[in-house]
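Residues per chain, in single letters:
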Amino acid sequence: MKKFAFISDLIFTFFVVAIFSLCLFRYLDVTLWFAVALACLCGTLTTLAVGAILSIRRKNAFLKKSDELKKQKLLTHLALSSDEANTEFFRKFLQDSKNETATKVKRFARLRLYTETEFYFLHFSFTPVNADEIAAFSRLKTGKKQKILLCSQIHEDAKALCERLHIDLRTGNELFLALKKADALPEKFLGEETVNKKAGRKFKLWFAKSNSRRFLTSGTLILLLSWLTPFSYYYLIMGSLLLLIAVFTRIFGYETKKI
């Protein structure tokens, strides 16, 4: 559907520019066929430029959507991982990001890491960090110059408390960008659908009983179009196939759960 909208935008751009250019060239007393050629050239060049711009925008939108999906997978992975796994994961990441062999990132306890000057708290769950948890972090006497909290999300009041207590904050967005830049994202995410489960879910969505009406409508329209096209046999076969699929999904299709 998005591809069809993209093509329709290009067709619309071509005809608008071509018609406007044709009128302009005829107003300037350019001969008809030469004006038509120039109008088509203007329409084509403008369409190519618009197509390039729209392609870049679509690509950027896709990349943003892809990054957002990966970020959610990462945060879900960290929330499902054990405390031991998260502690070791960030110990290695922080050690690699220091770029100094003299600076060692060591484990203090579960979800606690430290260097010579920094002390890290790790907190990854499906609920945001609250002010009481920040207060508990602040009571820990470390002797380090800087306290840093790594978490998925945090309440606004807890964030304000971090500022008052001079606790540096690294939330989900910053952690994802840092891990992505360092090429340190997990190879497999916990909670992610397997290929077989994803394929099975898509199959159920395609052949849900609620889709029988769409198959019926599409098949009927294609059969009607068979009267207007020289490729009538192709349209008759495809239309009949869609009607059979509509009957099949109506009888044997999956029931979709209503929320």
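Structure: above.
These lines cover the structure that appears in this document, whether it is placed above or below. (Residues numbered from 1 in each chain as written. Predicted model: local features only at pLDDT ≥ 70, side-chain atom pairs only at ≥ 80, totals over all residues. Heavy atoms only, no water.)

## Description of the overall build of the chain
Rules: A run of DSSP states H or I qualifies as a helix once it reaches four residues; a run of E qualifies as a strand once it reaches two. Both are numbered from the N-terminal end. Three labels apply to residues, based on accessible area from a 1.4 Å probe with only protein chains included: buried if under 20% of the type maximum, exposed if over 50%, partly exposed otherwise in between. The criterion used for residue contact is that any of the two residues' heavy atoms lie within 4.5 Å. All accessible areas in this document rest on Shrake-Rupley with a 1.4 Å probe, and a residue is counted as covered only by the protein chains that are shown.
Counting secondary structure elements, the chain contains nine helices and five strands. For the chain, buried positions account for 27% of its 259 residues. Pairs at least 24 apart in sequence give 57% of the contacts found in the chain among residues at least 6 apart. Taken as a whole, the chain presents about 18700 Å² of accessible surface, with 63% of it coming from carbon and sulfur.

## Quick look at the sheet that holds strand 3 (residues 118–123)
In plain terms, the rule: The pairing criterion for strands is at least two bridges between them, as found by DSSP. The angle between two axes is taken between their N-to-C directions and runs from 0 to 180 degrees, where each axis is a line fitted to C-alpha atoms and a helix contributes only its stretch in contact.
Pairing is mixed in the open sheet, where five strands are placed in the order 1-2-3-4-5. In this open sheet, the two strands that pair with only one neighbour each are strand 1 (106–109) and strand 5 (167–170). Averaged over all adjacent pairs, the angle separating strand axes in this sheet is 25°, with direction ignored.

## What to know about the side chain of His-123
Where we set the bar: Definition of a polar contact: a pair of N or O atoms within 3.5 Å, with one able to donate and the other able to accept a hydrogen when the atoms are protein atoms, and with sequence-neighbouring residues admitted only if both atoms are side-chain atoms.
Examined against the element boundaries, His-123 turns out to sit in strand 3. Residue classification places His-123 among the buried positions, given a relative accessible area of 15%. There is a polar contact of 3.1 Å between the side chain of His-123 and the side chain of Glu-133. Residues contacting His-123, with those up to four places away along its chain left out, are Val-129, Glu-133, Phe-137, Leu-149, Leu-150, Cys-151 and Ser-152.

## Re the packing of aromatic side chains
Put simply, the rule reads: Pairing of aromatic rings covers Phe, Tyr and Trp, the last counted by its six-membered ring, and requires centre-to-centre distances within 6.5 Å; plane angles under 30 degrees mean stacked, over 60 mean edge-to-face, and any other angle means tilted.
Overall, the coordinates contain eight aromatic pairs when judged by the stated rule. With centroids separated by 4.8 Å and ring planes inclined at 15°, the aromatic side chains of Phe-121 and Phe-137 adopt a geometry described as stacked. Within this pair, whereas Phe-121 is found in strand 3, its partner Phe-137 is found in helix 4 (residues 131–138), the two being separated by 16 residues in sequence. Chaining the aromatic ring pairs together yields one cluster made of Phe-108, Tyr-114, Phe-119, Phe-121 and Phe-137.

## Some points on the nonpolar core
Note on soluble globular proteins: their nonpolar side chains tend to be buried together. The condition is simple: Side-chain atoms within 4.5 Å link the members of a nonpolar core, which is a set of buried Ala, Val, Leu, Ile, Met, Phe, Trp, Tyr and Cys residues.
Phe-90, Leu-113, Leu-122, Phe-124 and Leu-150 are the most contacted members of the largest nonpolar core, which totals 17 residues. At the level of secondary structure, the elements contributing two or more residues to this core comprise helix 2 (32–80), helix 3 (83–98), strand 3, strand 4 (146–151) and helix 6 (172–181).

## Concerning the pairing of strand 3
Each regular strand carries side chains that alternate between the two faces of the sheet. Burial within strand 3 is extensive, with six of its six residues counted as buried. With burial as the criterion, each face of strand 3 is covered, one bearing Glu-118, Tyr-120 and Leu-122 and the other bearing Phe-119, Phe-121 and His-123. By the bridge criterion, three bridges tie strand 2 (residues 112–114) to strand 3 in an arrangement that is antiparallel. Each bridged residue has a counterpart across the sheet, and for Tyr-114 the counterpart in strand 3 is Phe-119. Direction of pairing for strand 3 relative to strand 4: parallel, over a ladder of six bridges. Its bridge partner lying in strand 4, Leu-122 is registered against Leu-150.

## Quick word on helix 6
As a reminder of what qualifies: The arc in question is the one traced by the directions running from the helix axis out to the C-beta atoms.
Those residues of helix 6 lying buried are Gly-172, Leu-175, Phe-176 and Leu-179. Along the axis of helix 6, the buried residues cluster in a sector spanning 100°; they form a single face. Within helix 6, the exposed residues directed more than 90 degrees away from the buried face are Leu-177 and Lys-181. Immediately downstream of helix 6, the backbone of Asp-183 shows phi near 55°, a positive value.

## A word on the environment of Glu-116
Counting through the fold element by element, Glu-116 comes out in the loop between strand 2 and strand 3. Overall, Glu-116 belongs to the exposed group, its relative accessible area being 68%. Taking the C-alpha atoms as reference points, Glu-116 and Lys-145, 29 residues apart in sequence, are found 8.8 Å from one another.

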